[in-house]
Amino acid sequence: MNLYYINHNYRYEAEKLLRLFFPLEKIIEYTQFNETTEDYLLTRIDGEENLTLTAELSLNGEVESKVKAVKKSECDDLELELLLLAYDLLCKMCGFTPKWGILTGVRPSKLIVKRLSLYGEENARDWFLNTYKVSTEKTELAINVAKTELKIIEKAGDKSFSLYISIPFCPTRCSYCSFVSHSINSEKAKSLIPDYIEKLLEELTFTAKMAKENNLRLTSVYWGGGTPTTLEADELDLILTHIENVFDLSDCLEYTVEAGRPDTVTKEKLEVLKKHNVGRISINPQTFSDSVLNAIGRKHTTAQTEEKFLLAKEVGFDAINMDLIAGLPTDTVESFKNSINRAIELGADNITVHTLALKRSSTIVTENESDTVTDRDIWEMLDYAGKTLTENGYYPYYMYRQSKSLGNLENVGWCRKNKECFYNVLMMEEYQSIFSVGAGAVTKLRTEDGSVIERIFNFKYPFEYISRFQEIIDKKERMRSFYNAE
């Protein structure tokens, strides 16, 4: 698909808009138009004060265009006006109307939070429905999420931060995964773990020092990956003990460790987590269909998932999340509905419903295994999830979107009363600084008013993290001065 943007520089949003309708096609950009028989989207602005906005779409040999005249001095958002012309053409000629309208960003609830705070609920609702063409269903979802997020923000307070620990190791790699994670079935990857932990402890010490120097309070701790419980019980104990020794946890509202793969969960590991006051864990089935698990490369069964969930309850965890993914290869609407029902029956406190994202580096895409369900099936899956979870006492508390997600849909965290994950909200909506350690971790430094956010990127791969560790520390020296510069 060709993309022409002429006499304007709105190329980024035009490309994002086109990807809503053609998520897997290669998009080639041009600044001048040449006659062609290939499919294309053209957006153009002509004039100085009296402007002519043009959008033209060529698809399968058919060409349609829309034109609008505006005065530059009277137009509040020229980019939006131009993209809406293109959006209308794309909806018409593709026979598909995205439920999130023209919105392409990953944080729609962040937009609503800001609008709610400034202008109230009715104004925010009208803005989403009529300006951005968001469906009624998704507008109400965004508003409900935003209301919960506002309560969580207040609890975090000022001069606070959260801590993220990256453990980039897994038992095996899932076919939909695009994260940097190493399978410990590889002896080479497994041999990295001792050195990785050693450097991780050093980085935790440095990070705690930066937090203390800047008088910041730690409000939540979150271990992700990869799969943190890929580590052995004594390795988990070593890191947990070190965190207690170097950080002040007296203001910590929440401590989460992802035990996402049931095949990594043992009673010994759960008892170690519990001993160190970890209050929230994830045990993620992704699906309760054994055939789908096999198709995506998960080396566990639904019976194991249920067994490990009940074991965690027995050990004493009363905040357990389960992740489910809509749109997995070979899954069906009925099978997905069964997964939702089973997670509810087990009594999961949080159920995060993801939409499959076809990431470029995932096996599903690189090996052309994207035998996924239709957009209509995805809509039915998410509609059922929302309706059924609501009926069973769950409410949405955080939300984000990913590029190339099926149907341009969203990921939503649902929870029972008072079971929200603070970290998910504070991190995703960028309401707080996030100090991140480990391979692939991204530290976000945020000023109190949110006007400035700086990112510090750690090296992605464990071997690089280990061998170039001093470079990471050198970059993180920026943490020393960032808050004093406010």
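In this text, all values refer to a predicted model and were calculated from it rather than measured experimentally.

K.L.:
Help me understand the overall build of the protein chain in this model?
P.N.:
Along its length, the protein chain carries 18 helices and 18 strands. Its C-alpha radius of gyration of 24 Å places the protein chain within 12% of the 23 Å reference for a compact globule of 486 residues. Overall, the protein chain is about 70 × 55 × 45 Å in size when its C-alpha atoms are taken along their principal axes. Within the protein chain, the fraction of its 486 residues that count as buried is 56%. Counting contacts in the protein chain only where the partners sit at least 6 residues apart, residues at least 24 apart contribute 71% of the total. Just so you have it, the protein chain exposes about 21,100 Å², and 47% of that area is on carbon and sulfur atoms.

K.L.:
Before we go on, may I ask you to explain the packing of helix α3 (residues 108-119) against helix α5 (residues 136-156) in this structure?
P.N.:
Packed helices, taken two at a time, are described by the angle between their axes plus the distance between the axes. At a closest axis distance of 9 Å, the pairing of α3 and α5 adopts a crossing angle of 70°. Judged by the angle between their axes, α3 and α5 are roughly perpendicular. Between α3 and α5, the contacting residues are Ser109, Ile112, Val113, Leu116 and Ser117 on the first element and Ala142, Ile143, Val145, Ala146, Glu149 and Leu150 on the second. Classifying every residue of the contact of α3 with α5 by side-chain character gives eight nonpolar, two polar and one charged.

K.L.:
Can you walk me through the layout of surface pockets in this structure?
P.N.:
There is about 340 Å³ of room inside the second largest pocket. Considering the residues around the second largest pocket, the lining is formed by 21 residues, among which Tyr431, Gln432, Arg446, Thr447 and Glu448 are closest to the centre.

K.L.:
What's the story with the environment of Ile143 in this structure? I'm lost.
P.N.:
Following the sequence through the fold, Ile143 ends up in helix α5. Residue classification places Ile143 among the buried positions, given a relative accessible area of 1%. With 203 residues separating them in the primary sequence, Ile143 and Leu346 have C-alpha atoms 29 Å apart.

K.L.:
Would you mind showing me how to read the pattern of salt bridges here?
P.N.:
A side chain with one charge may pair with a side chain of the opposite charge, provided their charged atoms come close. Scanning the model with the defined rule gives 33 salt bridges in all. Among the ionic pairs, Lys66 bridges to Asp88, the shortest N-O distance being 3.4 Å. Of this pair, Lys66 sits in strand β5 (residues 62-71) while Asp88 sits in helix α2 (residues 78-94); the two residues are 22 residues apart in sequence, bridging distant segments of the chain. A cluster of three or more residues bridged by salt bridges with shared partners is formed by Arg107, Lys110, Glu430, Lys444 and Arg455.

K.L.:
Help me understand the sheet that holds strand β3 (residues 40-46), please; the structure alone is not making it clear to me.
P.N.:
The strands making up a sheet associate through backbone hydrogen bonding, with each pair oriented either parallel or antiparallel. Spatially, five strands are ordered β2-β1-β3-β4-β5 in an open sheet, and the strand pairing comes out mixed. Edge positions in the open sheet fall to β2 (28-30) and β5, since each of these has one partner strand only. Direction aside, neighbouring strands of the sheet carry axes that sit 10° apart on average. Judged from the seven bridges that link them, β3 and strand β4 (residues 50-59) form a sheet pairing that is antiparallel.

K.L.:
Would you mind showing me how to read unusual backbone geometry here?
P.N.:
Phi is mostly negative for residues that are not glycine, and the peptide bonds are mostly trans. A cis geometry characterises the amide bond from Gly225 onward to Gly226, with omega recorded as 10°. Here Gly226 lies in the loop between β9 (217-225) and α8 (233-246). In the Ramachandran plot, Asn7 falls in the positive-phi region, its phi being about 70° despite a non-glycine side chain. Here Asn7 lies in the loop between β1 (2-6) and α1 (11-21). Of note in the backbone geometry, Lys133 takes a positive phi value of approximately 60° without being a glycine.

K.L.:
What's the story with the environment of Tyr4 in this structure? I'm lost.
P.N.:
Residue position: Tyr4 is located in strand β1. On the accessibility criterion, Tyr4 (4% relative accessible area) is buried. Those residues within four positions of Tyr4 in sequence are excluded, and the remaining contacts are Tyr30, Gln32, Phe33, Asn34, Thr36, Tyr40, Leu41, Leu42 and Thr43.

K.L.:
For this particular structure, what's the right way to read the packing of α8 against helix α9 (residues 267-275)?
P.N.:
Across the interface, α8 lies against α9 with an axial gap of 9 Å and an inter-helix angle of 10°. In this view, α8 runs roughly parallel relative to α9, as classed from their interaxial angle. Residues Ala233, Leu236, Asp237 and Leu240 of α8 lie in contact with α9, whose contacting residues are Glu268, Lys269, Val272, Leu273 and Lys275. Taken together, the residues that form the contact of α8 with α9 break down as five nonpolar, no polar and four charged.

K.L.:
Help me understand the pairing of strand β16 (residues 433-437), please; the structure alone is not making it clear to me.
P.N.:
Both faces of the sheet carry side chains from a regular strand, because those side chains alternate between them. Most of β16 is tucked away: five of the five residues are buried. Judged by which residues are buried, β16 turns out to be covered on both faces: Ser433, Phe435 and Val437 on one side and Ile434 and Ser436 on the other are all buried. Bridge count between strand β6 (residues 160-167) and β16: five bridges; the pairing is parallel. Bridging from a neighbouring strand, Ser162 pairs with Ile434 of β16.

K.L.:
Help me understand the side chain of Thr264 in this model?
P.N.:
With respect to the secondary-structure elements, Thr264 resides in the loop between β10 (254-258) and α9. Judged by relative accessible area, which is 5%, Thr264 ranks as buried. In terms of polar contacts, Thr264 uses its side chain to reach the side chain of Thr229, at 2.7 Å. A distance of 2.7 Å separates a polar side-chain atom of Thr264 from the backbone oxygen of Arg261. Aside from chain neighbours lying at most four places away, what touches Thr264 is Pro171, Thr227, Thr229, Thr230 and Lys269.

K.L.:
Please clarify how the nonpolar core should be interpreted in this entry.
P.N.:
One recurring pattern in soluble globular proteins: nonpolar side chains tend to sit buried together. Ile165, Leu204 and Trp223 are the most contacted members of the largest nonpolar core, which has 151 residues in total. Discounting chain neighbours no more than four positions away, the residues touching Leu204 are Leu163, Ile165, Ile239, His242, Ile243, Val246, Phe247 and Val437.

K.L.:
Got a minute to help me understand the pairing of strand β18 (residues 453-457) in this structure?
P.N.:
Where strand β17 (residues 442-446) lies against β18, five bridges are found, and the strand directions are antiparallel. For Val442, the partnering residue across the bridge sits in β18 and is Phe457. Hairpin remark: β17 followed by β18, antiparallel, with six residues in the connecting loop; positive phi at Gly450, about 75°.

K.L.:
Sorry, what's going on with the environment of Ile102 here?
P.N.:
Looking at the secondary structure, you find Ile102 in the loop between α2 and α3. The sequence separation of Ile102 and Met210 amounts to 108 residues, and the corresponding C-alpha distance is 41 Å. Ile102 has contacts with Leu17, Leu80, Leu83, Leu84, Tyr87 and Tyr132, leaving out every residue within four places of it along the chain.

Conventions and cut-offs
- Residues numbered from 1 in each chain as written.
- Predicted model: local features only at pLDDT ≥ 70, side-chain atom pairs only at ≥ 80, totals over all residues.
- Heavy atoms only, no water.
- Helix = DSSP H or I, 4+ residues; strand = E, 2+ residues; numbered from the N terminus.
- Rg over C-alpha atoms; globule rule 2.2 N^0.38 Å.
- Buried < 20%, exposed > 50% of the residue type's maximum accessible area, 1.4 Å probe, protein only.
- Contact = heavy atoms within 4.5 Å.
- Areas by Shrake-Rupley, 256 points an atom, 1.4 Å probe, with all protein chains shown as cover.
- Axes fitted to C-alpha atoms, helices over the stretch in contact; angles between N-to-C directions.
- Parallel < 35°, antiparallel > 145°, perpendicular 65-115°, else oblique.
- Nonpolar A, V, L, I, M, F, W, Y, C, P; charged D, E, K, R; others polar.
- 1 Å grid on protein atoms, 1.4 Å probe; cavity = no way out; pocket = protein on both sides within 12 Å on 5 of 7 lines; lining within 4 Å.
- Points joined across faces, edges and corners; volume = space filled by probe spheres on them.
- Salt bridge = Lys/Arg side-chain N within 4 Å of Asp/Glu carboxyl O.
- Pairing = 2+ DSSP bridges.
- Polar contact = N/O pair within 3.5 Å; in protein donor to acceptor, adjacent residues only side chain to side chain.
- Core = buried A, V, L, I, M, F, W, Y, C linked by side-chain atoms within 4.5 Å.

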